[in-house]
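What follows is the residue order along each chain.
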Amino acid sequence: MLKSYMDMVDTSILKELYFLWRPVFPYLVSFIKEIYKREHGDIMEVGPFCGPLFSLKSERIGDRHVIATFPRGMGKFYRDEATAKGHNDILVVESTDTFSCLKDSCFDLIIFRGGLFFPELFHVDYWRIYSLLKKGGIGLIGGGFGMYTPKEIIEGIKERSKELNLLAGKIDVSLRELEERIIPERLKGLIEVFAEGGLWTILRK
């Protein structure tokens, strides 16, 4: 069976991006908390670019925490990170961009960082994410530094981050392209586009 492009990506690039961005995660969490506006719930982070979930867990946001990551091999990486941080109760599963291993209507918050910018790596299925959310749940899909990351942190990592992201297949996405081509027509009334501190879509069920 032929391997997908996602499975052929050098996971060392993804891991270096994780460590490079680790100082950003607490500031991104401030942005996420402002959108989520809750202390409890079932929270999942998905994709190859996970990390803020650890900060949410440290700040006692959420009751159950799940990481559904891909490609193969990243599961062990995030399990080791969870153990190193003392978060052994975080469930880490290896998935695909179809999330077929997960049940519908199970999560109050789903975070898909990088979700808009890597079309060669994975497909963002807004309908699938919508189905995974509980009623009243929120899907945060997009990327960027958020509004609260200090400039000195951004300046310290942005050049290397750009290099690594390009190696991983990152493309630029305009606000117009997002609104006209990427967001499914039938979901547009449920999605808010947020273009400050990056480019994000907020899906509400």
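Structure: above.
It should be emphasised that the depicted structure is a prediction, and the values quoted were computed from it without experimental measurement. (Residues numbered from 1 in each chain as written. Predicted model: local features only at pLDDT ≥ 70, side-chain atom pairs only at ≥ 80, totals over all residues. Heavy atoms only, no water.)

Visitor: So what's going on with the pattern of salt bridges? Which residues, and what values?
Guide: Summed over all chains, the structure comprises 16 salt bridges. A salt bridge links Arg64 to Asp42; the nearest nitrogen and oxygen atoms lie 3.4 Å apart. You can see Arg64 sitting in strand S2 (residues 64–69) and its partner Asp42 sitting in strand S1 (residues 42–46), a full 22 residues away along the chain. A salt bridge links Arg176 to Glu180; its shortest N-O distance comes to 3.0 Å. With Arg176 and Glu180 both in helix H8 (residues 175–182) and four residues apart, the pair spans about one turn of that helix. We classify Glu180 as exposed; its relative accessible area is 54%. (Salt bridge = Lys/Arg side-chain N within 4 Å of Asp/Glu carboxyl O. Helix = DSSP H or I, 4+ residues; strand = E, 2+ residues; numbered from the N terminus. Buried < 20%, exposed > 50% of the residue type's maximum accessible area, 1.4 Å probe, protein only.)

Visitor: Describe the nonpolar core, listing the residues and the values that go with them.
Guide: Nonpolar side chains in soluble globular proteins tend to be buried together. In terms of nonpolar packing, the biggest core is built from 69 residues, with Trp21, Met44, Tyr78, Phe112 and Tyr126 touching the most fellow members. For this core, the leading source of residues is helix H3 (residues 25–36), giving seven residues. Here Tyr78 is in contact with Tyr18, Pro48, Phe49, Cys50, Phe54, Ile67, Thr69 and Val92, once residues within four sequence places are set aside. (Core = buried A, V, L, I, M, F, W, Y, C linked by side-chain atoms within 4.5 Å. Contact = heavy atoms within 4.5 Å.)

Visitor: Explain the packing of helix H2 (residues 11–21) against helix H5 (residues 74–84) to me, and be specific about the residues and the numbers.
Guide: The description of two packed helices rests on the angle between their axes and on the distance between the axes. At a closest axis distance of 11 Å, the pairing of H2 and H5 adopts a crossing angle of 25°. On the basis of their axis angle, the class for H2 and H5 is roughly parallel. H2 and H5 meet at a crossing whose hand is right-handed. Side by side, H2 and H5 meet where Thr11, Leu14, Lys15, Tyr18 and Phe19 of the first sit next to Met74, Phe77, Tyr78 and Glu81 of the second. Broken down by class, the residue content of the contact of H2 with H5 amounts to six nonpolar, one polar and two charged. (Axes fitted to C-alpha atoms, helices over the stretch in contact; angles between N-to-C directions. Parallel < 35°, antiparallel > 145°, perpendicular 65-115°, else oblique. Left-handed = near helix turned anticlockwise from the far one by under 90°. Nonpolar A, V, L, I, M, F, W, Y, C, P; charged D, E, K, R; others polar.)

Worth remembering: the numbers are spatial, not functional.
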